[in-house]
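Tertiary structure, described
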Amino acid sequence: MSSIEVIAVLSLLAAAVAQHVKVEPAVFGFVGNQVVLRCQFVDPASSVQVTQVTWVKDPSGAKINMAVHNPKYGTNYPVDTNNRIHFRNASLTDASLVIDRLLMSDDGIYSCEFATYPEGNQEAATNLTVLAEPEIRGSPLLVKSGKSPVPVASCIAAGGKPPASITWRGNVPGNATTELTQNADGTTTVTSQYQAVPSSELDGVMLECVVTHRTLERPKVISNALSIQYPPIVTIEGYDDNWYLDREHASLTCNVKANPAASDYRWYMNGGDVPSGVRIVGHQLTVDRVTYQVNGTFSCEASNSLGRTNGNIDIFVREAPLQSGSTTGAIVGGIIAAVVILAVLVTAVLIFRQQRKKTDLDASDEEPPSHKPPPPRVTLADPAKVEMAEKTETIPLNTTYFETSGEEANEMTLTGRYSEPEGDEDLKSPLEMEYGDYLEQENPIYNGVQYPEPEPEHRKSQEFVSKGMFV
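Bear in mind the structure is a predicted one, so any value in this text is a computation, not a measurement.

Considering the sheet that holds strand β23 (residues 264-269)
Spatially, three strands are ordered β23-β26-β27 in an open sheet, and the strand pairing comes out antiparallel. The open sheet has two edge strands, β23 and β27 (307-315), and neither has a second partner. For this sheet, the mean inter-axis angle between neighbouring strands, taken without regard to orientation, is 20°. Bridge count between strand β26 (residues 296-304) and β27: nine bridges; the pairing is antiparallel.

Things to note about the nonpolar core
In terms of nonpolar packing, the biggest core is built from 26 residues, with Leu 37, Trp 55, Ala 95, Ile 99, Phe 114 and Leu 128 touching the most fellow members. For this core, the elements supplying multiple residues, two or more each, are β3 (35-37), β4 (39-41), β5 (49-57), β6 (64-70), β8 (85-87), β9 (97-99), β10 (108-117) and β11 (120-131). Residues contacting Ile 99, with those up to four places away along its chain left out, are Asn 33, Gln 34, Val 35, Leu 37, Arg 84, Ile 85, Asp 106, Tyr 110 and Leu 128. One finds Ile 136, Ala 164, Trp 168 and Leu 207 within the second-largest nonpolar core, a separate group that totals 21 residues.

A look at the state of the cysteines
Any covalent bond linking the sulfur atoms of two cysteines counts as a disulfide. Scanning all chains against the criterion turns up three disulfides. A sulfur-sulfur separation of 1.8 Å characterises the disulfide bridge that pairs Cys 155 with Cys 209. Looking along the S-S bond of the Cys 155-Cys 209 disulfide, the torsion reads about -75°, which is the left-handed sense. In this pair, Cys 155 is assigned in strand β14 (residues 150-160) and Cys 209 in strand β18 (residues 206-212), connecting sequence segments 54 residues apart. Taking relative accessible area as the criterion, Cys 155 reaches 0% and is therefore assigned buried. Counting only the cysteines that form disulfides, in the order they appear in the chain, gives the pairing 1-2, 3-4, 5-6.

Observations concerning the environment of Cys 209
When its relative accessible area of 0% is taken as the criterion, Cys 209 is described as buried. When the C-alpha positions of Cys 209 and Ile 222 are compared, they lie 5.0 Å apart, and in sequence the two are 13 residues distant. The contacts of Cys 209, once residues within four sequence positions are left out, are Cys 155, Ile 166, Thr 167, Trp 168, Lys 220, Val 221, Ile 222 and Asn 224.

Points about the packing of aromatic side chains
The tally for this structure, following the rule as stated, stands at four aromatic pairs. Seen from their ring centres, Tyr 239 and Trp 243 are 5.7 Å apart, and the 70° between their planes marks the pair as edge-to-face. According to the relative accessible area criterion, Trp 243 is buried, its value standing at 0%. In this structure, Arg 214 is placed above the aromatic ring of Phe 28, and the distance from its NZ or CZ to the ring centre is 4.2 Å.

Comments concerning the sheet that holds β9
Judged by pairing direction, the sheet is antiparallel, and its three strands sit side by side in the order β3-β9-β8 without closing on themselves. The sheet is open, and its two borders are formed by β3 and β8, each paired with just one other strand. The mean angle between the axes of side-by-side strands here comes to 25°, regardless of whether they run parallel or antiparallel. Relative to β9, β8 runs antiparallel, the two being bridged by three bridges. Note on β9: the bridge partner recorded for Ile 85 is Ile 99.

Conventions and cut-offs
Residues numbered from 1 in each chain as written. Predicted model: local features only at pLDDT ≥ 70, side-chain atom pairs only at ≥ 80, totals over all residues. Heavy atoms only, no water. Pairing = 2+ DSSP bridges. Helix = DSSP H or I, 4+ residues; strand = E, 2+ residues; numbered from the N terminus. Axes fitted to C-alpha atoms, helices over the stretch in contact; angles between N-to-C directions. Core = buried A, V, L, I, M, F, W, Y, C linked by side-chain atoms within 4.5 Å. Buried < 20%, exposed > 50% of the residue type's maximum accessible area, 1.4 Å probe, protein only. Contact = heavy atoms within 4.5 Å. Disulfide = S-S within 2.5 Å. Phe/Tyr/Trp six-rings, centres within 6.5 Å; stacked < 30°, edge-to-face > 60°. Lys NZ or Arg CZ within 6 Å of the ring centre and 35° of its normal.

Dropping the structure here:
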């Protein structure tokens, strides 16, 4: 049965049997600090008489008496604790117990018991949990580069209670393994290791260990700079592709990355010794005056405890120096030419589109409308004339007289107006009249109007409105 379950059982018993005893069910303390176990006997009605109070540790097991107070016989502490345990204010109503300089061994269940008359013993239990802040440390692990995952950093939270929690953060591909070890004093040591594939790219990369614990106000972070050992990586710098005859003080630099650091540098040319006139100081090679003797391949070799590596560079000696200005001018000229060509192309496209748009507009103006407007709606007063108009559709309708009235102002009404002749000899039907006479008889107001001669047939085909529509 766990300590929490024991506390629950004792609390239920205390509630059922000893309602007068008041304690805190759980109390927390830190190693090295002081803690108070509060216990009071509450009897407002004074219905019972208290004769003695006793504190017992592990009441369900060994049942060790820690402190006793009797008004007649005094106070006693059966267990020697170097005066670390004592009553705060010994009395039969307040039996609070003080524990100084907490040890991990003080952790456990304590029962406060009152001997009463006539009800007998009454008690209540308190669970004391001693918290221990872990000792935290972390460091990178020195490993050699390889292809298989290995631990590259370690983080330890030792002697903590409860056990600490450890996590990792950083830009290092890999995973962590965690191991818990129970100590004899009840604390726990947590060990976490981060595993990754060791490579030269990870050397010096920061990896953080984050420890979280109940005793810490905020998580503790330990930074680890990974240490991966690898053979030298050699590169040669300093050649600008402009080594020419009689150039002075041309130099090459042998750059080496290695862990541990490289300690030995050697220069070669074409696999052999460098020619005369070449000075070597450590990883620096200097040619005092360039000649054709340095036309070839230079090699720099560096070594450490893990191996030896070399880097190569080809040197070409020119007769005369490169004219950097001409090269720059050519580049600038090319850019300007490209910009000019692009501008010409854009201008040509814009001009073409403008001319095409103008041509389309001119063509649309010359074409006749694609629809013919409907003729005006007419109403003839005389049915005979309507029939006559239907038979003589080829005669232009120039004899109409329009009247508008009322809401139908937009509708044109055709009304024939004829003057009655005095004699029958002047009375002619419209069919018997000549074309000009008909117009005069039908509507005298047009007598003064003259029409131009008919146009040729090729011009008539272009007209789409008859002369009669002009009224």
